[in-house]
2 protein chains.
Amino acid sequence: MPAISKREQIVATALKLFYQDGFNATGIDRIIKEAGVSKKTLYNHFKSKDELILATLRQRDEVFRNTLMRETERLGNTARERLLSIFDAHGNWIQEKSFSGCMFINAAAEFAALDDPNHIIAAEHKRLVRDYIRGLAEEAGANDAETLSLQLNLLLEGCIVDAYVSGNKDSAQLAKSMAAVFVEQALA
Amino acid sequence: MPAISKREQIVATALKLFYQDGFNATGIDRIIKEAGVSKKTLYNHFKSKDELILATLRQRDEVFRNTLMRETERLGNTARERLLSIFDAHGNWIQEKSFSGCMFINAAAEFAALDDPNHIIAAEHKRLVRDYIRGLAEEAGANDAETLSLQLNLLLEGCIVDAYVSGNKDSAQLAKSMAAVFVEQALA
DNA sequence: TTAAATGTATACCGATCTGTTTACCTTGTA
DNA sequence: TACAAGGTAAACAGATCGGTATACATTTAA
């Protein structure tokens, strides 16, 4: 058994290409070429391109949220601090050379129908991120954790889009300073 | 001379289809069929699909910003009120049945490279919207119009994405309540 | 050792893509 | 009336799309 399975190779390559070039713009032939894998192997693991897209989105969700939580907890020591360090984690992400916006916002843009499976996965990802924020808000003792999580979530979305579309790499800083107002308000 | 030129027919149809289904997912054949126009006519007016996309984005920018400014000014009587009524205008837009997110965010997602002409147009559109906000902020006498415009702009982006990806149709209300904090702070 | 599973490489399929060409028709105007 | 501009309809070109089939090689485990 190899250290990295063929399936993982395929998903990793597809993830990179879908993220940087888009889903429709990335063909199967390109994926197998860069993954160093035959077409038959790909279709042995995934019965269609759409299933491969779903698999990459599921993996992205898992890895992204794990990284986000780890970084947020590394950069803040208390729940209250973490409600703000989540913006620092985003700031670091935005600064990365490979940053190409939020893969789930991008997926929602390409798979516009609300009932498209890929759009649904995107919405679920957003919900899970907000659940994490709400958990932090509750832990910090916010008087309205639900509202605070909605507010901070909206600021996160805004800073990601601003960074991606307009290339504003300081948007996370701005969002953090705005978030501080609502955190203080909720924890007064 | 017909009331609506062929060129306008094509752009209007392309706009609708690109917006609701995406750019790569919408083929030329579909556009000419729905526009009721021959392929030769389309390529007589636009030398490539990419030029058609650029033309539709330019038109969308113009129409969107005109509508936004008109609505914002209808819903607010003073510059200060308009810094908030711009969120009401967005709220009404989000409620529309045809709402499919921000066409420029969608374009940036499909044309990921920062130097892609379509991505550049998207960034310019965002800059022009923020210029409008900054103008209102200056008119209202904000002590730091630049910062206030960045803040309100970030809230707008956030509420659009939240409405589109997660289907949260109340996000403009939330964003408006958050914006009020910063407007008050800047106009104290 | 041998057989099954899993891989590669590549040809191929039908559909669809952007874009061109050809032939014909309609319409406004000189 | 005649001509030029701009339109339609449809065949066509060449590339690429997602996906399948074939033939052969390699690995794995009974």
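For clarity, every value in this text was computed on a predicted model and none was experimentally measured. (Residues numbered from 1 in each chain as written. Chains lettered and ligands numbered in written order. Predicted model: local features only at pLDDT ≥ 70, side-chain atom pairs only at ≥ 80, totals over all residues. Heavy atoms only, no water.)

### What to know about the side chain of Thr13 of chain A
The following threshold applies: Going along the chain from the N terminus, every DSSP run of H or I of four or more residues is numbered as a helix, and every run of E of two or more is numbered as a strand. Note on definitions: a residue-residue contact is assigned when non-hydrogen atoms from the two residues lie within 4.5 Å.
Residue position: Thr13 of chain A is located in helix 1 (residues 6-21). Once residues lying within four places of it in the same chain are set aside, the contact partners of Thr13 of chain A are Ile31, Glu34 and Ala35 of chain A.

### Let's talk about the domain arrangement of chain A
Interface size, as often reported, equals the accessible area lost upon joining of the parts. All names here are of chain A. Operational definition: A domain assignment, automatic or from a database, supplies the domain bounds used here. What counts as buried area is the accessible surface, traced by a 1.4 Å probe, that two parts surrender upon association, with contributions from both included. The term salt bridge refers to a side-chain nitrogen of Lys or Arg lying within 4 Å of a carboxyl oxygen of Asp or Glu. The definition of a polar contact used here is a pair of N or O atoms within 3.5 Å, where within protein one atom must be able to donate a hydrogen and the other to accept one, and adjacent residues in sequence count solely through side-chain atom pairs. Each residue is assigned to one class: nonpolar for Ala, Val, Leu, Ile, Met, Phe, Trp, Tyr, Cys and Pro, charged for Asp, Glu, Lys and Arg, and polar for all the others, Gly among them.
For chain A, the assigned domains read domain 1 (1-47) and domain 2 (57-186). On a C-alpha basis, the centroid separation for the pair domain 1 and domain 2 is 28 Å. Taken together, the contacts link eight residues of domain 1 with 13 residues of domain 2. It is Leu15, Tyr19 and Phe23 in domain 1 that bury the most area against domain 2; as a group they hold 78% of the surface buried on that side. Here domain 1 and domain 2 share zero salt bridges between them. Here domain 1 and domain 2 share four residue pairs in polar contact (both at pLDDT 80 or more) between them. Its residues assigned to classes, the side of domain 1 that touches domain 2 shows five nonpolar, three polar and no charged.

### Brief notes about the protein's contact with DNA strand C
So the rule is basically this: Near is defined per residue: the residue qualifies when any heavy atom it owns lies within 4 Å of the molecule or strand.
Around DNA strand C there are 17 residues in total, and Ser38 and Thr41 of chain A together with Ile28, Lys39 and Lys49 of chain B lie nearest to it. The sugar-phosphate backbone supplies 54% of the atoms of DNA strand C found within 4 Å of the protein. With respect to DNA strand C, the side chain of Lys6 of chain A contributes an N or O atom lying 3.4 Å from a phosphate oxygen. Between DNA strand C and Ser38 of chain A there is a distance of 3.0 Å, counted from a phosphate oxygen to a side-chain nitrogen or oxygen. Broken down by secondary-structure element, the contributors of at least two residues to the surface near DNA strand C are helix 3 (39-45) of chain A together with helix 2 (28-35) and helix 3 (39-45) of chain B. At four residues, the largest contribution of residues to the surface near DNA strand C is made by helix 3 of chain A. Looking at the surface near DNA strand C residue by residue, the class counts come to three nonpolar, eight polar and six charged.

### Here's the deal with the packing of helix 6 (residues 103-110) of chain A against helix 6 (residues 103-110) of chain B
What counts here: What counts as an axis is a line fitted to C-alpha atoms, over the stretch in contact for a helix, and the angles between N-to-C directions run from 0 to 180 degrees. Orientation categories follow fixed angle ranges, with anything under 35 degrees roughly parallel, anything over 145 roughly antiparallel, 65 to 115 roughly perpendicular, and all other angles oblique.
Between helix 6 of chain A and helix 6 of chain B, whose axes approach to 9 Å, the crossing angle comes to 105 degrees. In terms of orientation, helix 6 of chain A and helix 6 of chain B fall into the roughly perpendicular class. Taking contact as the criterion, the partners of Ile105, Asn106, Ala109 and Glu110 of chain A in helix 6 of chain A are, on helix 6 of chain B, Ile105, Asn106, Ala109 and Glu110 of chain B. For the contact of helix 6 of chain A with helix 6 of chain B, the residue count by class is four nonpolar, two polar and two charged.

### Considering the nonpolar core
The condition that has to hold: As used here, the term nonpolar core means buried Ala, Val, Leu, Ile, Met, Phe, Trp, Tyr and Cys residues forming a set that is joined through side-chain atoms within 4.5 Å. Classification of residues uses two cut-offs on accessible area relative to the type maximum, computed with a 1.4 Å probe and protein chains only: under 20% is buried, over 50% is exposed, and between them is partly exposed.
Counting residues in hydrophobic clusters, the biggest one holds 134 residues, and the most contacted among them are Leu155 of chain A together with Leu155 of chain B. Ignoring anything within four residues of it in the chain, the contact list for Leu155 of chain B reads Leu154, Leu155 and Met178 of chain A together with Phe87, Ala175, Met178, Ala179 and Phe182 of chain B.

### Some points on the protein's contact with DNA strand D
Taken together, 17 residues form the shell around DNA strand D, and within it Ile28, Lys39 and Lys49 of chain A together with Ser38 and Thr41 of chain B come nearest. Across the atoms of DNA strand D situated within 4 Å of the protein, the share located in sugar and phosphate is 58%. In the environment of DNA strand D, a phosphate oxygen lies 2.9 Å from a nitrogen or oxygen atom belonging to the side chain of Ser38 of chain B. Of all the secondary structure elements, the ones that give two or more residues to the surface near DNA strand D are helix 3 of chain A together with helix 3 of chain B. Element by element, the count of residues in the surface near DNA strand D is highest for helix 3 of chain B, at four residues. Tallied by class, the residues present in the surface near DNA strand D amount to four nonpolar, eight polar and five charged.

### A few points about the interface of chain B and chain A
On the side of chain A, 36 residues touch chain B, which itself brings 36 residues to the contact. Surface buried jointly by chain B and chain A totals about 3,000 Å² across both partners, of which 73% is contributed by carbon and sulfur atoms. Among the residues chain B hides against chain A, the three largest losses belong to Leu154, Tyr164 and Val165 of chain B. Together they make up 21% of the total. In this assembly, chain B and chain A are joined by eight residue pairs in polar contact (both at pLDDT 80 or more). Sorting elements by how many residues they give to the side of chain B that touches chain A places helix 8 (residues 145-165) of chain B first, with twelve residues. Classifying every residue of the side of chain B that touches chain A gives 20 nonpolar, eleven polar and five charged.

### Considerations on the relation of the copies chain B and chain A
Two chain copies here: they are related by a rotation about an axis and a translation along the same axis. The following threshold applies: A least-squares fit on C-alpha atoms brings the copies together, and the residues used are those whose pLDDT is at least 70 in both copies.
With an RMSD of 0.0 Å, the operation that places chain B on chain A is a rotation of 180 degrees combined with a shift of 0.0 Å along the axis. In short, the pair behaves as if placed about a two-fold rotation axis. Of the C-alpha atoms belonging to chain B, the one lying closest to the rotation axis is found on Gly158 of chain B, 1.9 Å away. The overlap is high: 100% of the interface residues of chain B also sit at the interface in chain A, so the same surface is used on both sides.

### Some words on the packing of aromatic side chains
Applicable threshold: A pair of aromatic rings is counted whenever rings of Phe, Tyr or Trp (Trp by its six-membered ring) have centres within 6.5 Å, and the orientation is called stacked for planes under 30 degrees apart, edge-to-face for over 60 and tilted otherwise.
Under the defined criterion, the tally for this structure stands at eleven aromatic pairs over all chains. For the pair Trp93 of chain B and Phe99 of chain B, a centre-to-centre distance of 5.0 Å together with 85 degrees between the ring planes defines the contact as edge-to-face. Taking relative accessible area as the criterion, Trp93 of chain B reaches 10% and is therefore assigned buried. Members of the aromatic cluster, joined through ring pairs, are Phe64, Trp93, Phe99 and Tyr164 of chain A.

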